[in-house]
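Chains, contacts and geometry: an overview
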Amino acid sequence: MASAHIGSYANNVHISNVQVSGNNKISFSITWENSWALDSSSAPNNHDAVWIFVKYRAANGSWQPLDISSNAADHHSDSLAIETVPDGMGVFIKRKKQGAGNINSATVSLQWSGYLYTGTFDFKVFGIEMVWVPKGSFYVGDGVSDSALQRGDKKAPFFINSENSIPTGNDSLSLSSTGAAIPGGTIPQAFPKGYNGFYCMKYEITQDQYVDFLNSLSYDQQAARVSTTPDAALGSFAFGSTMGNRNGIVIETSGISNTQPAVFACNSDANSVFNDPDDGETRACNFLNWNDLAAYLEWAALRPMTELEFEKICRGPNKPLGREFAWGTPYAIDANTPVYDGTDSQKVKEVPGADTGIASYGYSAPTGPLRAGFAASLTSNRLQAGSSYYGAMEMCGNVWEMCVVLTKAGLNFTATTGDGNLPPDGFADISSWPAKDCNGAGYKGGAWNSGISGQFRDLAVSDRFYITLIPDTRRNTAGGRGVR
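These figures come from a predicted structure and were not determined experimentally.

1. Brief notes about the overall build of the chain
When helices and strands are counted, the chain shows five helices and 26 strands. By the compact-globule yardstick of 23 Å for 484 residues, the chain fits well, its C-alpha radius of gyration being 21 Å. Each principal axis of the C-alpha distribution contributes one length, and for the chain these read about 65 × 50 × 45 Å. For the chain, contacts bridging at least 24 residues in sequence account for 72% of all contacts bridging at least 6. Surface exposure of the chain reaches about 17,700 Å², of which carbon and sulfur atoms provide 48%. Separation between the mean location of the 35 positive side-chain charges and that of the 46 negative ones in the chain comes to 7 Å.

2. Remarks on the sheet that holds strand β25 (residues 441-444)
Strand pairs in the sheet, formed through backbone hydrogen bonds, run parallel or antiparallel to each other. Pairing is mixed across the open sheet formed by three strands, whose spatial order is β25-β24-β26. Among the strands making up the open sheet, the edge pair consists of β25 and β26 (478-479). When strand β24 (residues 400-404) meets β26, the two strands line up parallel, connected through two bridges. What sits directly across from W400, in β26, is A478.

3. Quick notes on the layout of surface pockets
When its volume is computed, the second largest pocket comes out at roughly 500 Å³. Along the wall of the second largest pocket there are 24 residues; nearest its centre are G61, S62, W63, L217 and S218. Of the residues in the lining of the second largest pocket, the class split is nine nonpolar, 13 polar and two charged.

4. Here's the deal with the pattern of salt bridges
Applying the stated rule across the entire model yields 18 salt bridges. A salt bridge links R151 to D153; the shortest N-O distance between them is 2.8 Å. Given a relative accessible area of 37%, D153 falls into the partly exposed group. Shared partners join several salt bridges into a network, and the residues in it are E311, R315, E324 and K444.

5. Concerning the packing of aromatic side chains
Counted under the stated rule, the structure contains 21 aromatic pairs. Ring centres of W400 and Y466 lie 5.3 Å apart, and the angle between their planes is 85°; this geometry places the pair in the edge-to-face category. Of the two residues, W400 is situated in strand β24 and Y466 in the loop between β25 and β26; the sequence distance between them amounts to 66 residues. Every member of this aromatic cluster is reached through a ring pair, and the members are F53, F126, Y210, F213, F239, F287, Y296 and W299.

6. A few points about the packing of helix α1 (residues 207-214) against helix α3 (residues 290-299)
Axis separation between α1 and α3 bottoms out at 11 Å; the angle between their running directions is 70°. On the basis of their axis angle, the class for α1 and α3 is roughly perpendicular. For the pair formed by α1 and α3, the contact residues are Q209, Y210, D212 and F213 on the first element and D292, A295, Y296 and W299 on the second. Classifying every residue of the contact of α1 with α3 by side-chain character gives five nonpolar, one polar and two charged.

7. Some remarks on the nonpolar core
The biggest cluster of nonpolar side chains holds 64 residues, and the ones touching the most others in it are W51 and Y210. Of the residues forming this core, the biggest block, seven residues, is contributed by α3. Judged by nonpolar contacts, the second largest core, of 29 residues, contains Y390, C403, L459 and V461.

8. A look at the side chain of E204
Along the chain, E204 turns up in the loop between β17 (198-201) and α1. Residue E204 is classed as buried on the basis of its relative accessible area, which comes to 0%. In terms of polar contacts, E204 uses its side chain to reach the side chain of N398, at 3.2 Å.

9. Some thoughts on α1
For α1, the tally of buried residues reaches eight of eight residues, placing the bulk of the element in the interior. Residues of α1 that are buried include every one of Q207, D208, Q209, Y210, V211, D212, F213 and L214, and no others.

Rules used throughout
- Residues numbered from 1 in each chain as written.
- Predicted model: local features only at pLDDT ≥ 70, side-chain atom pairs only at ≥ 80, totals over all residues.
- Heavy atoms only, no water.
- Helix = DSSP H or I, 4+ residues; strand = E, 2+ residues; numbered from the N terminus.
- Rg over C-alpha atoms; globule rule 2.2 N^0.38 Å.
- Contact = heavy atoms within 4.5 Å.
- Areas by Shrake-Rupley, 256 points an atom, 1.4 Å probe, with all protein chains shown as cover.
- Lys, Arg positive; Asp, Glu negative; His and termini not counted.
- Charge placed at Lys NZ, Arg CZ, Asp CG, Glu CD.
- Pairing = 2+ DSSP bridges.
- 1 Å grid on protein atoms, 1.4 Å probe; cavity = no way out; pocket = protein on both sides within 12 Å on 5 of 7 lines; lining within 4 Å.
- Points joined across faces, edges and corners; volume = space filled by probe spheres on them.
- Nonpolar A, V, L, I, M, F, W, Y, C, P; charged D, E, K, R; others polar.
- Salt bridge = Lys/Arg side-chain N within 4 Å of Asp/Glu carboxyl O.
- Buried < 20%, exposed > 50% of the residue type's maximum accessible area, 1.4 Å probe, protein only.
- Phe/Tyr/Trp six-rings, centres within 6.5 Å; stacked < 30°, edge-to-face > 60°.
- Axes fitted to C-alpha atoms, helices over the stretch in contact; angles between N-to-C directions.
- Parallel < 35°, antiparallel > 145°, perpendicular 65-115°, else oblique.
- Core = buried A, V, L, I, M, F, W, Y, C linked by side-chain atoms within 4.5 Å.
- Polar contact = N/O pair within 3.5 Å; in protein donor to acceptor, adjacent residues only side chain to side chain.

Nothing here speaks to function; it is geometry throughout.
This is how it looks when you write it as structure tokens:
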């Protein structure tokens, strides 16, 4: 029988009372806020869920994924259902019945495949909130935004109604662009177009989620995923000599070797106490480049999104409006006056109007990202929350989203998900994903310093001005999220 030291990690998800019993069962209590499940009569006909995955510390000190048995998931809650996945890398926990509101504490039990050797093991249970994007047709491009996708024969949205290959060219059945060129020939059938259903992270990767990731890596892996060497002094900031643009990730314990890596924490107030309630744990994580994002997603058994999936997540099946944002209108108010800043209750003073959404953008303070989901509540509507059609938050603004783009290198991408194991060098190694050189990846959605005046509208769903800017630099405006 394996015994355990337990840890649990989540953003806006609280996992507690983690226990291991027998040789292959782990149980825990879970709560999360602002959950929903809608039936086919209620747009957007989707639900949210929590992606749960479990790591254990092997004899060599490395953290390895547990293979959750596809036929052995169990739970003790009348309100929750468990959705298994074929590769066993985790499960989705979701509402069993239609409804909306907070999920109060419910007990979940999972079984893993195989057995661990007798001994004492450390376990960590991780939770990431997701939204379901249903299978169905949708449009890409608005025909007017910078370098927007369009029908080949005119400046008009292009309709995607299958996952079949898409020709590029100048006729009505082909895809083209108003600016940044897309490759000639066809977009392969294997390239994810967004027609099939998939889960998307509800929020951008937060600083505490990135800390959890770093704290499950070896010293060498950590060194590849931060700017400061892991052996730096206590309190050193992970992405610079000082706290830059509201990123408060620091070294709590200096690393020495692969058997004794650094311990990272959040400390946005730069005092002597780490992971205080006001240390910015739920703030979106900036200073990420493509290799950082890809490594996180492989570790979490997720995958990057494509730029076509990005547009579906934002607008759903609705026909595009010119230069619209993720909440469905071309009007926005800048969220620049935070209250309860640095806490998981952080909000802003700005209130959007009747046809205006809210986002963190512009060149005013604060000069960095806000809390993920800062405007969403149980009573907010899509505009007031700055939400996408399917309930993903901050698809426009806060930090740039990195995705796989329609370039020659990008078209090699397939829907292969991460296997939960990051190679020793700390770089993702899924063969179909954009490689270390970052070719095939680009930016969508704008960030906290983006402008939206005139035709220069970084936040617009269809804007592709930076789509071919290779994200190999750790920018103070860049972060991201994954899908599965």
